[in-house]
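Descriptive analysis of the structure
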Amino acid sequence: MTASTVAKMGDIKRILIVDDDEVVRWSYQRSLQNVSCNVEAASDGEQALQTMEQKPFDVVLLDLRMPGKDGLTVLRTIKQKWPESEVVIITGYPTIDSAKEAVRLGAHDYLSKPVGPQDVINITDSAMTHKQWALRRVPENLDAESTTRAA
């Protein structure tokens, strides 16, 4: 992926909100739609994964406790199938164990509810910045490997 592709990606962020609470989904959507984001929502883990199959998202804001597939199961699947997507866990039931597991599985961050509108915007921006830097590093690492092999 070229730097120009990364710059274009930065123009409109693709965000998926996954939470079984309709008020939370609506609140996060409202916050993010005002800052050049394409925002979609899912009410559970299964719906989230089906939505990701249709089109991957840059950032996923993911609740931990939901009916059906829990957040850690969804996080694991997202990181296996779409490793370039950044996932932020936002939970009303934070524990040190679940935070450690989320980070081990590749979550960008782990937040405790309630999360205000500016916090949602800030964490999404942080996750996008992390994603853009990660995408920029890949070609540089590949160039370094090819230079090393050529030498």
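Below or above, wherever it landed, is the structure these notes cover. Bear in mind the structure is a predicted one, so any value in this text is a computation, not a measurement. (Residues numbered from 1 in each chain as written. Predicted model: local features only at pLDDT ≥ 70, side-chain atom pairs only at ≥ 80, totals over all residues. Heavy atoms only, no water.)

The strand order β2-β1-β3-β4-β5 describes an open sheet built from 5 strands, whose pairing is parallel. Of all the strands in the sheet, the pair left with one neighbour each is β2 (37-42) and β5 (109-112). Neighbour-to-neighbour, the strand axes of this sheet turn through a mean angle of 20 degrees, independent of strand direction. With 4 bridges connecting them, strand β1 (residues 13-18) and strand β3 (residues 59-62) associate as parallel partners. Considered in β3, the bridge of Val18 is made with Leu62. Helix α3 (residues 45-54) contacts β1, β2 and β3 of the sheet and is inclined by roughly 160 degrees relative to β1. (Pairing = 2+ DSSP bridges. Helix = DSSP H or I, 4+ residues; strand = E, 2+ residues; numbered from the N terminus. Axes fitted to C-alpha atoms, helices over the stretch in contact; angles between N-to-C directions. Contact = heavy atoms within 4.5 Å.)

What follows deals with the nonpolar core. By size, the foremost hydrophobic cluster in this structure holds 23 residues, and its most contacted members are Leu16, Val18, Val60, Leu62, Leu75, Ile78 and Ile89. Those elements giving two or more residues to this core turn out to be β1, α3, β3, α4 (71-81), β4 (86-91) and α5 (96-104). Tallying contributions element by element places α4 first for this core, with 4 residues. Discounting chain neighbours no more than four positions away, the residues touching Ile78 are Leu49, Met52, Val60, Pro83, Ser85 and Val87. Within the second largest apolar cluster, 17 residues are counted, among which are Val24, Val39, Val88 and Ile123. (Core = buried A, V, L, I, M, F, W, Y, C linked by side-chain atoms within 4.5 Å. Buried < 20%, exposed > 50% of the residue type's maximum accessible area, 1.4 Å probe, protein only.)

Tallying each qualifying case throughout the model produces 10 salt bridges. In this structure, Asp58 engages Lys131 in a salt bridge whose closest nitrogen and oxygen atoms are separated by 3.0 Å. Placement of the pair is Asp58 in the loop between α3 and β3 and Lys131 in helix α6 (residues 117-150), with a sequence separation of 73 residues. Its relative accessible area of 0% is what places Asp58 among the buried residues. Across the salt bridge formed by Lys113 and Asp63, the nearest N and O atoms sit 3.5 Å from each other. Linking Lys113 in the loop between β5 and α6 with Asp63 in the loop between β3 and α4, this pair joins segments that are 50 residues apart in sequence. On the basis of relative accessible area, Asp63 is assigned to the buried category, the value being 4%. A single salt-bridge network, built from bridges that share partners, covers Arg14, Asp58 and Lys131. (Salt bridge = Lys/Arg side-chain N within 4 Å of Asp/Glu carboxyl O.)

Here the structure, examined in full by the defined rule, presents 0 aromatic pairs. Here the guanidinium or amino end of Arg65 rests over the ring plane of Tyr93, the centre of that ring lying 4.0 Å away. (Phe/Tyr/Trp six-rings, centres within 6.5 Å; stacked < 30°, edge-to-face > 60°. Lys NZ or Arg CZ within 6 Å of the ring centre and 35° of its normal.)

Position of Ile17 relative to the elements: it lies in strand β1. Separated by 22 residues in the primary sequence, Ile17 and Val39 place their C-alpha atoms 7.4 Å from one another.

Once that is clear, we can look at the pairing of β4. Judged by how many residues are buried, β4 sits mostly within the fold: 6 of 6 residues are covered. Residues Glu86, Val88 and Ile90 point to one face of β4 and Val87, Ile89 and Thr91 to the other, with burial holding for every one of them. With 4 bridges connecting them, β3 and β4 associate as parallel partners. The residue of β4 that forms the bridge with Leu61 is Val88. Regarding topology, α4 serves as the crossover connection from β3 to the parallel β4, and that connection is right-handed. Each parallel crossover has a hand, and the one from β4 via α5 to β5 is right-handed. (Right-handed = clockwise from strand over helix to strand, strands pointing away.)

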